[in-house]
Amino acid sequence: MSERALQTSGASTAPAFDEAWFASRAQPGVQRLKAYDPGHDLVALRRQYGEAHLVELGSNENPYGPSPAAREAILESLHALHRYPDPLGGDLKRALARKHGVDTKQILLGNGSHELLMQLGQVFAGPGEEVVFSRYGFAVFALSTQAAGARMTIVDALPREASMPCGHDLDAIAAAVGADTKLVYVANPNNPTGTWFGREALVEFLDKIPPQVIVVMDEAYAEMADAPDYASALSVLDRYPNVAVTRTFSKAYGLAGLRVGYLIAQPGLIAVMDRLRESFNVNGPALAACEAALGDDDHLRWACARNAEQRAALAEALNRRGLRAFPSQTNFVLAEFGARTPQVEAALVARGVILRPMGGYGLGDCIRISVGSADENRRLLAALDQVLA
C-alpha cells in the first residue's frame, strides 16, 4: 500500500508530511531557525492602499532613489539579458578597488550583504564552535550562527541610560571571546538601534581580539554616518588582518531592489569564501548599475545630506511629542513608545503608514522609523498626531 493510501486509511505508520516532519529531517542548526520576518506584507498593503497613498517607512530604503547614471546603465544592460552576467564581477570589483584603495583580490560580491553574512557563518563556524555578537545586533547574525550549527553568545548591550543607549558594549564583547570563538559580528552603525562607535573605540576593541578570531564589521549604513568620531573599519584593515567588512548598495546608493553587497578582507579570506559563492550570484543589470552608481559621488553626497537633514528633523519632531528618539547615524530612527507601542503601530498601519515593529529584536516598546523624504515624514507625523491625540 502506498504512503498516501496508508495515510487515508488511518494507519499509524503513515508519516504526516507537514512542516514538523520535514524539519525533523533538516540539519540541527536549521531546525532551530525561524524564517526572516520582513515585518509586513508590503505588496498586499500597496494593493490595499495604493502606492501613492502608502507611506513606507519600515525597510530603511533610500527615498531619493539611485543615481540617474545607474538607471541608464540598467537600461543599457537589458539588451544582454540572454547572456549570463560576468561570473567574476570584474568591472564592479575594479571600481570598488579604486574607491576603497584595495586590491580586487580583497573583494567578494554578494546577493546583498545578507548573503555574505550568512556565508561567513557557513565557512568559519560550525558545531561546537562559538559566534559572539551584541544584543540588538542585526538579525542575520543569529540566523547565520544557527544555520551553521554554531553556538551563539549574545552580549548584553549598553543600558538605555547610557550616552549611546542600547549600543554595543565593546568591552563586554571582547571579554566574551573564548577559546571556541570563531567569529565576532559587529555592526557599525548598528541596525536596528542606529547607534555607532568611533575610531578610538574601534582600535581599542580590535586590540583585544585574538588574531585567530575573525571580526566581521557590518557597515551597511557607513556612507550615511557623518559623526566626527565615526570611522570605518576599512581604515584599519592593514593593521588587523582578521577583520572583514561588509557593505551594501541597498541603502545610501538606493539600489535595494537589485540586491548587491560586497565583502572586503584579506585576499586569503576572500579566496576561501569564493569557494562557497554561488555561480552568477549578482545579475547583469545589478553589476552595471552599481558600477555606474560608484561613479556618481555627487548624487551619493546629495542623498546622504538630505538624509541627515531629515533624520535630525524627524528625531526632533518625535522628541517634541514626548517620545524618545535614540541617537542615529543611519537612515532610520529608533523611537521608544512605551506600553502603547503595539496599539500605536497598528493604528498607523490602518492609516497607511508602515513602520517596523521591534518585538522580534526584544525591543517591544520601540518602533524603527525609516527616514523618508520631507513629504513622507510630514505625512507620518500627521498620522502620528491623530493616533496620539
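For the structure itself, look to the data block above.
Residues numbered from 1 in each chain as written. Predicted model: local features only at pLDDT ≥ 70, side-chain atom pairs only at ≥ 80, totals over all residues. Heavy atoms only, no water.

Engineer: Is there a simple way to think about the side chain of R368 in this case?
Structural biologist: On the secondary structure map, R368 appears in strand β13 (residues 366-370). In terms of polar contacts, R368 uses its side chain to reach the side chain of N191, at 2.9 Å. Beyond its immediate sequence surroundings of up to four residues, R368 is in contact with L57, G58, S59, N60, N191, P192, F332, V333, L334, L355, R356 and M358. (Helix = DSSP H or I, 4+ residues; strand = E, 2+ residues; numbered from the N terminus. Polar contact = N/O pair within 3.5 Å; in protein donor to acceptor, adjacent residues only side chain to side chain. Contact = heavy atoms within 4.5 Å.)

Engineer: Which parts of the structure should I look at to understand the nonpolar core?
Structural biologist: For soluble globular proteins, nonpolar side chains are generally found buried alongside one another. Ranked by internal contacts, the top residues of the largest apolar core, which has 53 residues, are L92, V184, F205, M217, V243, F249 and L255. Considering every element that reaches this core, the biggest residue donor is helix α12 (residues 284-294), with six residues. When neighbours within four sequence positions are excluded, F205 is seen to be in contact with L170, I173, A174, V184, V186 and V215. Formed by 35 residues, the second largest nonpolar core is a distinct cluster that contains A150, C166, Y185 and V216. (Core = buried A, V, L, I, M, F, W, Y, C linked by side-chain atoms within 4.5 Å. Buried < 20%, exposed > 50% of the residue type's maximum accessible area, 1.4 Å probe, protein only.)

Engineer: Is there a simple way to think about the side chain of R356 in this case?
Structural biologist: If you trace the backbone, R356 turns up in strand β12 (residues 356-357). For R356, a relative accessible area of 9% corresponds to the buried category. Residues within four places of R356 in sequence aside, it is in contact with Y36, D37, P38, G39, L57, G58, I367 and R368.

Engineer: What's the story with helix α15 (residues 374-388) in this structure? I'm lost.
Structural biologist: An α-helical turn contains 3.6 residues, so a residue and the one three or four places further along point in the same direction. A rise of 1.5 Å per residue sets the reference length of α15, with its 15 residues, at 21 Å; its end C-alpha atoms lie 21 Å apart and thus fit the reference within 8%. For α15, the set of buried residues is N377, L380, L381, A383, L384 and V387. Relative to the axis of α15, the buried residues are bounded by an arc of 165° and lie together on one face. Contact partners of the buried residues in α15: α13 (297-320), α14 (341-350), β11 (353-354) and β13. (Expected span 1.5 Å × (residues − 1). Arc of directions from axis to C-beta.)

Engineer: What should I look at first to understand helix α10 (residues 199-208) in this one?
Structural biologist: Listing the buried residues of α10 in full gives L202, V203, F205 and L206. Projected down its long axis, α10 carries its buried residues within an arc of 165°, all on one side. Taken together, the buried residues of α10 touch α9 (170-176), β5 (181-187), β6 (214-218) and β7 (243-248).

Engineer: Help me out: how do you make sense of the packing of α14 against α15 in this one?
Structural biologist: Two quantities define a packed helix pair, namely the angle between the helix axes and the distance between the axes. In contact at an axis separation of 10 Å, α14 and α15 are set at 125° when each is read in the N-to-C sense. By the angle class used here, α14 and α15 are oblique. Here α14 and α15 pass one another in a crossing that is right-handed. Here α14 contributes V344, A347 and L348 to the contact with α15, which in turn contributes A383, L384, V387 and L388. In terms of residue class, the contact of α14 with α15 is made up of seven nonpolar, no polar and no charged. (Axes fitted to C-alpha atoms, helices over the stretch in contact; angles between N-to-C directions. Parallel < 35°, antiparallel > 145°, perpendicular 65-115°, else oblique. Left-handed = near helix turned anticlockwise from the far one by under 90°. Nonpolar A, V, L, I, M, F, W, Y, C, P; charged D, E, K, R; others polar.)

Engineer: Looking at this model, I keep getting lost on the sheet that holds β5. Mind explaining?
Structural biologist: In sheet architecture, strand pairing relies on hydrogen bonds along the backbone and comes in two forms, parallel and antiparallel. Strand order in the open sheet formed by seven strands is β2-β8-β7-β6-β5-β3-β4, and the pairing between neighbours is mixed. If you trace the sheet from one side to the other, it starts and ends with β2 (107-110) and β4 (151-155), each paired once. Ignoring which end each strand starts from, the neighbouring axes of this sheet average 20° apart. Pairing of strand β3 (residues 130-134) with β5 involves four bridges; the strand directions are parallel. Across the sheet, residue E130 finds its bridge partner in β5, namely T181. Strands β2, β7 and β8 (261-264) of the sheet are contacted by helix α6 (residues 90-100), whose axis makes an angle of about 125° with β2. (Pairing = 2+ DSSP bridges.)

Engineer: Explain the pairing of β2 to me, please; I cannot follow it from the model alone.
Structural biologist: For a regular strand, side-chain orientation follows a simple rule: the groups alternate between the two sheet faces. Here β2 shows two buried faces, one formed by I107 and L109 and the other by L108 and G110. Of the pairings in the sheet, the one linking β2 to β8 comprises four bridges and is antiparallel in character. Of the residues in β8, the one forming a bridge with L108 is L263.

Engineer: What exactly am I supposed to notice about the state of the cysteines here?
Structural biologist: Note on terminology: a disulfide is the covalent bond linking the sulfur atoms of two cysteines. Counted under the stated rule, the structure contains zero disulfides. Counting only cysteine sulfurs, C366 is the nearest neighbor of C166, a cysteine outside any disulfide, at a range of 6.7 Å. For C166, a relative accessible area of 2% puts it in the buried group. (Disulfide = S-S within 2.5 Å.)

Engineer: Honestly, the sheet that holds β12 in this entry has me stumped. Any pointers?
Structural biologist: Read from one edge of the open sheet, four strands run β9-β10-β13-β12, paired in antiparallel fashion. Looking at which strands have only one partner, the edges of the open sheet turn out to be β9 (324-325) and β12. Note: β12 against β13, two bridges, orientation antiparallel. Looking at the pairing, P357 lines up with I367 of β13.

Engineer: How do you make sense of the packing of aromatic side chains when you look at a structure like this?
Structural biologist: Per the counting criterion, the structure on display carries eleven aromatic pairs. On the numbers, 4.5 Å between centres and 65° between planes, the contact of F17 with W21 is edge-to-face. Given a relative accessible area of 39%, F17 falls into the partly exposed group. Here W21 and F22 contribute two aromatic rings whose centre-to-centre distance is 4.7 Å and whose plane-to-plane angle is 90°, an arrangement assigned as edge-to-face. Accessibility expressed as a relative area gives 47% for F22, which makes it partly exposed. (Phe/Tyr/Trp six-rings, centres within 6.5 Å; stacked < 30°, edge-to-face > 60°.)

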